[in-house]
Each structure stands twice: as structure tokens, then as C-alpha cells.
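An overview of the molecular structure
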Amino acid sequence: MDFLELAKARYSCRKFTAQPVEDEKLEKILEAANVAPTGGNLQPIKLWVVRSPENLRKVYDSTPYNFGASTVIVVGGDDSTVRKTGAKDDFLSLAAVNGSIVATHIILAAKDLGLDSTWVGLVDRVQLKKFFPEMAAYTIVCIIQIGYASPEQKGQPHKWHTARKGVDALTEWL
Ligand SMILES: Cc1cc2nc3c(=O)[nH]c(=O)nc-3n(C[C@H](O)[C@H](O)[C@H](O)COP(=O)(O)O)c2cc1C
């Protein structure tokens, strides 16, 4: 698959089989996360890989979206990192921006390895941080569910996957 084919093949999978993600694949996914660009190369990111049944239960108790993935990566951005944008007194938090770039590397790398994923943004972050105090100082950007897609309908692309504005609507050439 070339890059465009990979980008089009990736979709949000909302039902996974119980098949675990192999360690070697997870290591490659994490390496893809590690090489993501970050503002000022600050790398203000922390990834928590959740695989034990006990901790998965805590994650799934913090979101309405439990798609049954046996691996979840929680993406956190360090809240203390801000960057001056150029304008006086105009600072941009780097946590969500950089976390989103890393998360994008993760979901595309997963697809490249024959896995599927879903980026879940709707998370009760207060609840999650109660379960995992180590996340307290971070903006929780998303939780990414990763695994093997169920052949059932929910495991397959939703109609939203192909509902895009189109390049013309998306773009303005100046
Ligand atoms: C920032 C962000 C937050 C999202 N949050 C959720 C979510 O909480 N639950 C969910 O099922 N999907 C979530 N998604 C997946 C989107 O619904 C999905 O990417 C979109 O509908 C396009 O479909 P596709 O990913 O299959 O191409 C999120 C995606 C992004 C980028």
C-alpha cells in the first residue's frame, strides 16, 4: 500500500475480536509514535499502553465507548508545555496539538501492520485520572483502541468513513 492507499484504508473500527495484538507489532507502533514531529522537538507526550484486564476495565469505565479492543493506548500531552506563537503574549498549548500528531502516527502505523483502531475522544478525563493518578499532569488527548476487526458490521467501516467534504470544499487556493 502506498501512503494514500493506507490513509484511505484506515477507518474507525467499533468492534474488535479478542485476538491480542502481538508485542512486535505494538513495539513498531510505539516506534512510529516516537518519530512523530513535535513543536520545538519538545516531545511533551506520554503514552500509557493498557493491556491488563484490570486496567482495561478502568479505561472502559471512563468512556461510553468500549469496542472490546484488548489493547488501548492512552495519549497524554504535558500540560506544562506552551510555546510562543510569535505574537506578543500569544501562547499555544502544545499538549493537544502534539498529542494529536502522535495519535495520528499510531493509527496509521496500526493499519500498516494489519490492525485496526479507533481514536476515542469522548472520555471522562476526571474519572480516568482518578483511576490512574500518573496521568494527572497531562491533557488526555484520546484513548486509542487497537486490535483485530470483528467481521461483524460494527467492526467494518461506518458510512461516515467515506463521507468527506471533498478536496474542492476542503481547499482554497490563494
Ligand atoms: C478527535 C477525534 C475524536 C473522536 N472521538 C470518537 C469517539 O469518542 N467515539 C467514536 O466512536 N469515534 C470517535 N472518533 C472517530 C470519528 O468518529 C471518525 O474518525 C470519523 O467519523 C471518520 O470516520 P473514519 O475514522 O472511519 O474514517 C474520533 C475521531 C477523532 C479524530
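Since the model is a prediction, treat every value here as computed from it, not as a measurement.

**Some remarks on the overall build of the protein chain**
Helix and strand content of the protein chain: 6 helices and 6 strands. Its C-alpha atoms give the protein chain a radius of gyration of 17 Å, within 12% of the compact-globule value 16 Å for 174 residues. Along the three orthogonal principal directions, the C-alpha set of the protein chain runs to about 55 × 45 × 30 Å. Across the 174 residues in the protein chain, those meeting the buried criterion constitute 28%. If you take every contact in the protein chain between residues at least 6 apart in sequence, the share linking residues at least 24 apart comes to 76%.

**Describing the environment of Trp160**
If you trace the backbone, Trp160 turns up in the loop between strand 6 (138-147) and helix 6 (167-170). On the basis of neighbour count, Trp160 is assigned to the exposed category, with 9 C-beta atoms found within 10 Å. Along the chain, Trp160 and Ser12 lie 148 residues apart, while their C-alpha atoms are 9.3 Å from each other.

**Considering the nonpolar core**
Ranked by size, the top nonpolar core spans 31 residues in total, and within it Val72, Val74, Val75, Ala103, Ile106 and Ile144 carry the most contacts. Counting residues per element, the ones that place at least two in this core are helix 2 (23-34), strand 1 (45-50), strand 2 (71-78), helix 4 (94-112) and strand 6. At 7 residues, strand 6 tops the list of elements feeding residues into this core. Dropping the residues within four chain positions of it, Ile144 is found in contact with Val72, Ile73, Val75, Ala103, Ile106, Ile107, Ser117 and Trp119.

**Brief notes about the packing of helix 2 against helix 4**
Between helix 2 and helix 4, whose axes approach to 8 Å, the crossing angle comes to 145°. Of the two elements, helix 2 crosses helix 4, and the hand of that crossing is right-handed. Each of Lys28, Ile29, Ala32 and Ala33 in helix 2 lies in contact with helix 4, whose residues at this interface are Val102, His105, Ile106, Ala109 and Ala110. When its residues are assigned to classes, the contact of helix 2 with helix 4 shows 7 nonpolar, 1 polar and 1 charged.

**Structural notes on the site of the ligand**
Tyr11, Ser12, Gly121, Leu122 and His161 are the nearest of the 13 residues found near the ligand. Classifying every residue of the shell around the ligand gives 7 nonpolar, 5 polar and 1 charged.

**Considerations on helix 4**
For helix 4, with 19 residues, the first-to-last C-alpha span of 27 Å sits near the 27 Å given by 1.5 Å per residue. Along helix 4, the residues classified as buried are Leu94, Ala95, Asn98, Gly99, Val102, Ala103, Ile106, Ile107, Ala109, Ala110 and Lys111. Positive backbone phi, at 85°, marks Gly114, one or two positions downstream of helix 4.

Conventions adopted
Residues numbered from 1 in each chain as written. Predicted model: local features only at pLDDT ≥ 70, side-chain atom pairs only at ≥ 80, totals over all residues. Helix = DSSP H or I, 4+ residues; strand = E, 2+ residues; numbered from the N terminus. Rg over C-alpha atoms; globule rule 2.2 N^0.38 Å. Buried ≥ 20, exposed ≤ 12 C-beta atoms within 10 Å, placed from the backbone. Contact = placed C-beta atoms within 7 Å. Core = buried A, V, L, I, M, F, W, Y, C linked by C-beta atoms within 7 Å. Axes fitted to C-alpha atoms, helices over the stretch in contact; angles between N-to-C directions. Left-handed = near helix turned anticlockwise from the far one by under 90°. Nonpolar A, V, L, I, M, F, W, Y, C, P; charged D, E, K, R; others polar. Near = placed C-beta within 6 Å. Expected span 1.5 Å × (residues − 1).

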